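Next come the chains, spelled out residue by residue.
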Amino acid sequence: EIVVQTFDGDELSAELVGTDPGTDVAVLRVNSNNLPAIPLGDSDRLRVGELVLAIGSPLRAEFANTVSMGVVSAKGRTDLRLSPYENYIQTDAAINPGNSGGALINMEGELIGINTAIASRSGGFQGIGFAIPMNLARSVMESIIDEGRVVRSYLGIFQGAMVDRMMGQALGLDVDYGVVVGEVVPNGPAAKAG
């Protein structure tokens, strides 16, 4: 059973349309008329240093509708080991336990991310929070609604290493970017493409 509570305290029954554990995004359907909706922003246009607001219910129910303000510290954060498909917005807006699933909005009032996690030694807020970018969440949402699941591309290779200046010189390359392919999966798309 899934219940959605509105700002004014109404409780509405919700139906699970689909989930994507790879990005920690779910789509719910609420059967109700005239519910207000936040405008969806373009997270690709978000800039490092931009002010954002994190909205959620941190720590316990008594703190519902808490708003904290911060700046975007970074975009495209990966290797956090939070989920298989990582591309996080990093912010110092306070995201405490219980804020997960809350809105990260820009100063135009547009949803540009979904609060997800914090980096913390103590389990509490340390100034490093992460949000799923709206463009990723929108893509997942549309795929769940249109296809009933998330459809992803698959190359069939294992990355050996990223090519940087030192790697490029060691390999005698004229470029300092790219990927060294560590392995090609037998019968995968890359193998079939040659």
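Residues numbered from 1 in each chain as written. Predicted model: local features only at pLDDT ≥ 70, side-chain atom pairs only at ≥ 80, totals over all residues. Heavy atoms only, no water.

**Some details on the overall build of the chain**
Then, number 1: Regarding its fold elements, the chain presents 3 helices and 11 strands.
Then, number 2: Going from the N terminus to the C terminus, the chain shows its helices and strands as β-β-β-β-β-β-β-β-β-α-β-α-β-α.
Then, number 3: Dimensions along the principal axes, computed over C-alpha positions, put the chain at roughly 65 × 35 × 30 Å.
Then, number 4: Counting only residues that meet the buried cut, the chain has 30% of its 194 residues in that class.
Then, number 5: Counted over contacts in the chain with a minimum sequence separation of 6, partners at least 24 positions apart contribute 46%.
Then, number 6: Of the side chains in the chain, 13 bear a positive and 23 a negative charge, and the two mean positions are spaced by 6 Å. (Helix = DSSP H or I, 4+ residues; strand = E, 2+ residues; numbered from the N terminus. Buried < 20%, exposed > 50% of the residue type's maximum accessible area, 1.4 Å probe, protein only. Contact = heavy atoms within 4.5 Å. Lys, Arg positive; Asp, Glu negative; His and termini not counted. Charge placed at Lys NZ, Arg CZ, Asp CG, Glu CD.)

**A few points about the sheet that holds strand β2 (residues 11-20)**
Then, number 1: Within the open sheet, the 3 strands sit side by side as β1-β2-β3. Their pairing is antiparallel. Looking at strand neighbours, the two that pair on one side only are β1 (2-5) and β3 (25-30), the edges of this open sheet. If you compare each strand with its neighbour and ignore which way they point, the axes differ by 50° on average.
Then, number 2: Pairing between β1 and β2: 4 bridges, direction antiparallel. Each residue of the ladder has a partner; that of Gln 5, found in β2, is Glu 11. (Pairing = 2+ DSSP bridges. Axes fitted to C-alpha atoms, helices over the stretch in contact; angles between N-to-C directions.)

**A closer look at the pairing of strand β9 (residues 129-133)**
Within a regular strand, the side chains alternate between the two sheet faces.
Then, number 1: Across the 5 residues of β9, 5 count as buried, placing the element largely inside the fold.
Then, number 2: As defined by bridge partners, strand β6 (residues 88-91) adjoins β9 across 3 bridges and the pair is classed as antiparallel. Residue pairing across strands places Gln 90 opposite Phe 130, the latter belonging to β9.
Then, number 3: The sheet contact formed by strand β8 (residues 111-118) and β9 spans 5 bridges and is antiparallel. Within β9, the residue paired with Gly 113 across the bridge is Pro 133.

**Thoughts on the pairing of β2**
Then, number 1: As consecutive antiparallel partners, β1 and β2 are separated by 5 residues, and within that stretch Gly 9 has a phi angle of approximately 95°, a positive value.
Then, number 2: The sheet contact formed by β2 and β3 spans 6 bridges and is antiparallel. Across the sheet, residue Gly 18 finds its bridge partner in β3, namely Val 27.
Then, number 3: Hairpin connection from β2 to β3: 4 residues lie between these consecutive antiparallel strands, with Asp 24 at a positive phi of about 65°.

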